[in-house]
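What follows is each chain in one-letter form.
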Amino acid sequence: MMEASPHDDHLPLDSLPTAGRKLRNLDLVETTDVLREQTFAALDERLRSELGQFGTPAPVAKLMASMFLPMDGVVRLLDAGAGVGSLTAAFVAEVCGRAKRPRRIEITAVEADNHLIEALTSTLQRCAAFGAARDVEVEWEIVNEDFIEFGVRSEADLFGQRAQRFTCAIQNPPYRKIRTSSRHRKRLRSMGIEVSNLYAGFVALTLRMLGSGGQLVAITPRSFCNGPYFDSFRTDFLGRMSLRAIHLFDSRSEAFGGDAVLQENIITHAIAGREPPATVAITTSSGEPGAPTTIMEVGYDLVVPPEAAHPAIHVISDGISMGVADRMQAFTSSLHRLGLQASTGRVVDFRAKEHLRADVEAGDAPLIYPMHLRDGGVRWPVDGARKPNGIANSAETASLLVPPGTYVLTKRFSSKEQRRRVEAFVYDSTNVAPGPVGFENHVNYIHEAGEGLESPVALGLFVYLNSTLLDMYFRLFSGHTQVNATDLRNLPFPDVEALRRVGARVTSLAITQDEIDELFDEELVSVAKRKTADPVASMKRVQEAQAALKALGLPSRQTNVRSALVLLSLLDLKRADPWSAAGNPMRGITELMDWFAEHYGKRYKPNTRETVRRQTVHQFLEAGLLVQNPDDPGRAVNSKDNVYQVVPEALAALRTFGPAGWDEALATYKEAMPALREVYAQKREMKRIPVKLANGTELSLSPGGQNVLVEQIIEHFVPRFAPGARVVYIGDTEDKWAYLDEGAIGELGLSFDTHGKFPDVVVEYTERNWLLLIEAVTSHGPVDAKRHKELRDLFGGSSAGLVFVTTFLTRRDLAKYLNDISWETEVWVAEAPGHMIHFDGKRFLGPYESAGEETD
């Protein structure tokens, strides 16, 4: 293995378009992410597509690395399809940053693309330096080879040598179909691996290279979770590994914004050769930085049903999904047990081209395409259509046709925008055309031994397959838009008597979704378990709230599920409540999130509170939909007691949501909304704190909290103790960059990561060439030893000497933090503005050359 010098701790930044000091202040993962973006931008898009290359953005890489369980001793890491090393960098940063860390990490990075090797080398050098700085030895090697070839050869070399296998693997494998006759397919087949996509081949081969207890974290399309194409792969995966965690991205675009990723993706964490755990942790997020993450502990048997004829993975991500899985367990029959079959339409049009008819003549049979499936039934023929309407009824086509009768049809393919994945239709020859019929290959049909179905059973299947509950269930384990005949065979079904009972109540195929769900609920859910709340009602209420937000004019990012839940919480509107019963409680962020979990089963991680505030509540405030702290408008914006409430005008409109009265109330509200926003903005502005700087700049800080003290610092501390000084930076709890003098930053030689934790006020005392770093403490945050070091590191490039000052409003506030304040710092109390307290050191109000300078 190669080992980098611990002194070689920077990328060759001069070779990058954005070279400069700023990149050196980014962490290991962020720097690698910059390298990834710039390296991939220079690659040929066509070649990337052929290779199935998709880079891993930093937030996703960090998330993947965080999923590994603690490890010590020697870690042997495999990164197959390593790219520029994004995942390895995230792994090293995560593992070396933990309290319990390994003694050594041995990295094997396999990458076939010669264009990426230089960047990968640079990343691994940085990884070695990063580890060395944290007393972790990092050794690495790059295998510039196709991973399938490397893996097959390595398995042959390692046969019987379990001790040499990898302890961890992290990967974002390439996504590309592989032909049956291709070299990759043959090489994988030699290892007993039968897959149709390269990503599955990468994962399956990696499983064989892990030792017992080895951990795998991989990001792949969700489509492998079910369906016939990945049946053997799932059997192999679940036979070798025990699932521990799954992360689902609820947005394709946010997590991989730089790449045209069309598949739903999941991250799986699994351990080799261990007994399955009692539960699987399932989390969801959009994948964008700081996005809220939901979490759900789900029983292993619900995620991987043990009795399934074909193994599947059900991604149950929240209480609503749990309710779906719970209720569907009551349906214990199947098409096979019902004596029914699901088949794919027999007519492949290009193979039967000479028998097809655009215009049907006497004696021809109907040919049913997806275009003919409308309004629950079949509309045939379709005049002027691009597809033919008929097929010759002859001895040559007899094998392509089925007898007349009643059949239940589904489309094999659905669009991503389609409201339901499974859509069922009824074909009844008495209503279309007598005689046999042909079903085209993009249509599935349910039949009884090749014949038509009993009409009540067909209508019962029509209701069941079109129900919202069934659609929600299908989405739990399907990550693609196909509905294959095998998918239908694997679904649970009610018994035949229940289907007949439902079918007997259907008088027309022109039935609404609400009517279908009501009939389903009355006749079928009555036999289902009711341990959980009604998931269909919950989902529909959330969708209604999303529709209301859209109608109110909120942008798309504030019409998502999270935003809908915020609105419902602030209306105290539960799934069964009418909109007219909407309440008007005042709730803080934590209360909102607790309410989501209790009433809609959506449990967000506690550390996502700030994201809920910034990405939903803040925008609701700006739109004039909410008011903040109506009980105490002067409350600090960062107070733990902050609360929010829907404004009365919006509440009145929302109480009319529904088919009657909503449009008129909405129009009235939207007409008044600009004026209302101005009124509420003026009320907020009246509570703001005006601050005027020495250079004449006037600022308006958010009310309460530390900003009361910031005002005192600017008006009293600076003139007294740093006369003539210029303010460089002021932070606001509402706006981090309330004021920034970029010119002064440049003159001081400063450049830093803008995500750094800045002090509240930065002042340049030009007469003494000092830079005063001032913390305004009202509830937390004095300059203690840890903060002292953070600020030294953040402002280490300053040409001016650093002076650390902690400020308080009162001496009572100071008393709370006396034991925390670092030596060699200053303290100022606003209620005694003419005095300064010096904490040790050999000089009063001045910089020290280093943190270790001795005092007199």
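**Comments concerning the overall build of the protein**
Alright, step 1. Counting secondary structure elements, the protein contains 28 helices and 31 strands.
Alright, step 2. Within the span of the protein, comprising 856 residues, buried residues form 57% of the whole.
Alright, step 3. In the protein, once contacts between residues fewer than 6 apart in sequence are set aside, the share between residues at least 24 apart is 70%.
Alright, step 4. Accessible area for the protein stands at about 37,200 Å²; split by element, carbon and sulfur atoms hold 50% of it.

**Topic: the packing of helix H9 (residues 198-209) against helix H10 (residues 231-240)**
Alright, step 1. Their axes nearest at 11 Å, the elements H9 and H10 cross at an angle of 30 degrees. Taken together, the axis directions place H9 and H10 in an arrangement best described as roughly parallel. Along this stretch, H9 crosses H10, giving a crossing that reads as left-handed. Touching Ala-200, Val-203, Ala-204, Leu-207 and Arg-208 of H9 are Phe-233, Asp-236, Phe-237 and Arg-240, all from H10.

**Considering the packing of aromatic side chains**
Alright, step 1. On inspection of all chains with the given rule, the structure shows 27 aromatic pairs.
Alright, step 2. Taken together, a centroid distance of 5.4 Å and an interplanar angle of 65 degrees make the contact between Phe-717 and Trp-828 edge-to-face. Taken together, the positions of Phe-717 in helix H25 (residues 706-721) and Trp-828 in strand E30 (residues 825-829) put the pair 111 residues apart, joining distant regions of the chain.
Alright, step 3. The exposure class of Phe-717 is buried, given its relative accessible area of 0%.
Alright, step 4. On the basis of relative accessibility, which here comes to 0%, the residue Trp-828 falls in the buried class.
Alright, step 5. Among the aromatic residues, those joined into a cluster by ring pairs are Phe-331, Tyr-464, Phe-493 and Phe-520.
Alright, step 6. Arg-134 extends its terminal NZ or CZ atom over the ring of Phe-130, reaching a point 3.6 Å from the ring centre.
Alright, step 7. A cation over an aromatic ring shows up here: Arg-575 above the ring of Tyr-600, its NZ or CZ 5.7 Å from the ring centre.

**Description of the pattern of salt bridges**
Alright, step 1. The full count for this structure, using the stated rule, is 37 salt bridges.
Alright, step 2. Of the charged contacts in the structure, one is a salt bridge between Asp-572 and Arg-587, with a shortest N-O distance of 3.3 Å. One end of the pair, Asp-572, is in the loop between helix H20 (561-571) and helix H21 (589-600); the other, Arg-587, is in the loop between H20 and H21, with 15 residues separating them in the sequence.
Alright, step 3. Salt bridges sharing common partners tie together Arg-501, Arg-505, Glu-522 and Glu-523.

**Concerning helix H6 (residues 117-132)**
Alright, step 1. Taking 1.5 Å as the rise per residue, H6 with 16 residues should run 22 Å; its terminal C-alpha atoms sit 22 Å apart, in good agreement.
Alright, step 2. Across the 16 residues of H6, 12 count as buried, placing the element largely inside the fold.
Alright, step 3. Looking at H6, one finds that the buried residues are Ile-117, Ala-119, Leu-120, Ser-122, Thr-123, Leu-124, Arg-126, Cys-127, Ala-128, Ala-129, Phe-130 and Gly-131.

**Re the confidence of the model for the protein**
Alright, step 1. Averaged over all residues, the pLDDT of the protein is 83; the fraction at 70 or higher stands at 84%.
Alright, step 2. No element of the protein has a lower mean pLDDT than helix H1 (residues 21-24), at 35, and none a higher one than strand E20 (residues 443-447), at 98.
Alright, step 3. A low-confidence stretch, residues 257-262 stays under pLDDT 50, and its non-local contacts, those more than four residues away or across chains, total 9 contacts.
Alright, step 4. For residues 851-856, every residue scores under 50 in pLDDT, and the model assigns this stretch 12 contacts once sequence neighbours within four places are set aside.

**Points about H21**
Alright, step 1. A rise of 1.5 Å per residue sets the reference length of H21, with its 12 residues, at 16 Å; its end C-alpha atoms lie 16 Å apart and thus fit the reference within 8%.
Alright, step 2. Taken as a whole, H21 has its buried residues at Ile-589, Leu-592, Met-593, Trp-595, Phe-596, Ala-597, His-599 and Tyr-600.
Alright, step 3. Buried residues along H21 sit against helix H13 (319-328), helix H19 (535-551), H20, helix H22 (609-622) and strand E22 (644-646).
Alright, step 4. Gly-601, located one to two residues past H21, shows a positive phi value of around 65 degrees.

**Focus: the pairing of strand E9 (residues 294-299)**
Alright, step 1. Only one face of E9 is buried: it carries Thr-294, Met-296 and Val-298, and the other face, with Ile-295, Glu-297 and Gly-299, is open.
Alright, step 2. Bridge count between strand E8 (residues 279-285) and E9: 6 bridges; the pairing is antiparallel. Counted as the bridge partner of Val-280 is Val-298 from E9.

**Side note on the sheet that holds strand E27 (residues 761-765)**
Within a beta sheet, neighbouring strands are joined by backbone hydrogen bonds and run either parallel or antiparallel to one another.
Alright, step 1. As summarised here, the arrangement of the 7 strands in space is E26-E25-E27-E28-E29-E30-E31, forming an open sheet in which the pairing is mixed. With one partner strand each, in any of the chains shown, strand E26 (739-740) and strand E31 (837-839) form the two edges of the open sheet.
Alright, step 2. With 4 bridges joining them, strand E25 (residues 726-730) and E27 adopt antiparallel strand pairing. Residue Arg-726 lies in a different strand from E27, and its bridge partner there is Glu-764.
Alright, step 3. Relative to the sheet, helix H27 (residues 785-794) contacts strand E28 (770-777), strand E29 (801-808) and E30, its axis offset from that of E29 by approximately 140 degrees.

**Description of the packing of H21 against H22**
Angle between the axes and distance between the axes are the two parameters that describe a pair of packed helices.
Alright, step 1. At a minimum axis separation of 10 Å, H21 and H22 run at an interaxial angle of 95 degrees. The orientation of H21 relative to H22 falls into the category roughly perpendicular. Counted together, Ile-589, Thr-590, Leu-592 and Met-593 of H21 and Arg-609, Val-612, Arg-613 and Val-617 of H22 form the full contact between these two elements.
Alright, step 2. Here the residues of the contact of H21 with H22 sort into 5 nonpolar, 1 polar and 2 charged.

**Looking at the state of the cysteines**
Alright, step 1. Within the structure shown, the criterion is met by 0 disulfides.
Alright, step 2. A disulfide-free cysteine, Cys-127 has its sulfur positioned 8.5 Å from the sulfur of Cys-96, the nearest such atom.
Alright, step 3. Using a relative accessible area of 0% as the deciding quantity, one classes Cys-127 as buried.

**Examining the side chain of Thr-88**
Alright, step 1. Turning to its location among the elements, Thr-88 is positioned in helix H5 (residues 86-96).
Alright, step 2. At 2.8 Å, the side chain of Thr-88 and the side chain of Asp-79 are in polar contact.
Alright, step 3. Setting aside residues no more than four positions away along its own chain, Thr-88 makes contact with Leu-77, Asp-79, Ile-107, Leu-124 and Cys-127.

**Comments concerning the sheet that holds strand E16 (residues 401-402)**
Alright, step 1. If you walk across this open sheet you meet the 5 strands as E11-E15-E12-E19-E16, and the pairing is mixed. Since the sheet does not close on itself, it has two edges, and those belong to strand E11 (356-357) and E16, each with one partner.
Alright, step 2. Where strand E12 (residues 365-368) and strand E15 (residues 390-391) come together, 2 bridges link them in antiparallel fashion. In the sheet register, Ala-365 faces E15, and the bridge partner there is Ile-391.

**Description of unusual backbone geometry**
Alright, step 1. Look at the link from Trp-380 to Pro-381: it is a cis peptide, with omega at -5 degrees.
Alright, step 2. Within the secondary structure, Pro-381 is located in the loop between strand E14 (377-378) and E15.
Alright, step 3. In this structure, Asp-572 is a non-glycine residue whose phi angle is positive, near 50 degrees.
Alright, step 4. By relative accessible area, Asp-572 is classed as partly exposed at 26%.
Alright, step 5. With phi around 50 degrees, Asn-629 is a residue other than glycine that occupies positive phi space.
Alright, step 6. Relative to the elements of secondary structure, Asn-629 occurs in the loop between strand E21 (626-628) and E22.

**Digging into the nonpolar core**
Alright, step 1. Ranked by size, the top nonpolar core spans 95 residues in total, and within it Phe-147, Phe-237, Leu-243, Tyr-464 and Leu-465 carry the most contacts.
Alright, step 2. Element by element, the count of residues in this core is highest for H9, at 9 residues.
Alright, step 3. Look past the residues within four positions of Phe-237 in its chain and what remains in contact with it is Val-203, Leu-207, Leu-216, Leu-243 and Ala-270.
Alright, step 4. In this structure, Leu-554, Ala-582, Val-647 and Ala-650 belong to the second largest nonpolar core, which totals 45 residues.

Procedures and definitions
Residues numbered from 1 in each chain as written. Predicted model: local features only at pLDDT ≥ 70, side-chain atom pairs only at ≥ 80, totals over all residues. Heavy atoms only, no water. Helix = DSSP H or I, 4+ residues; strand = E, 2+ residues; numbered from the N terminus. Buried < 20%, exposed > 50% of the residue type's maximum accessible area, 1.4 Å probe, protein only. Contact = heavy atoms within 4.5 Å. Areas by Shrake-Rupley, 256 points an atom, 1.4 Å probe, with all protein chains shown as cover. Axes fitted to C-alpha atoms, helices over the stretch in contact; angles between N-to-C directions. Parallel < 35°, antiparallel > 145°, perpendicular 65-115°, else oblique. Left-handed = near helix turned anticlockwise from the far one by under 90°. Phe/Tyr/Trp six-rings, centres within 6.5 Å; stacked < 30°, edge-to-face > 60°. Lys NZ or Arg CZ within 6 Å of the ring centre and 35° of its normal. Salt bridge = Lys/Arg side-chain N within 4 Å of Asp/Glu carboxyl O. Expected span 1.5 Å × (residues − 1). pLDDT = per-residue confidence, 0-100. Pairing = 2+ DSSP bridges. Nonpolar A, V, L, I, M, F, W, Y, C, P; charged D, E, K, R; others polar. Disulfide = S-S within 2.5 Å. Polar contact = N/O pair within 3.5 Å; in protein donor to acceptor, adjacent residues only side chain to side chain. Core = buried A, V, L, I, M, F, W, Y, C linked by side-chain atoms within 4.5 Å.

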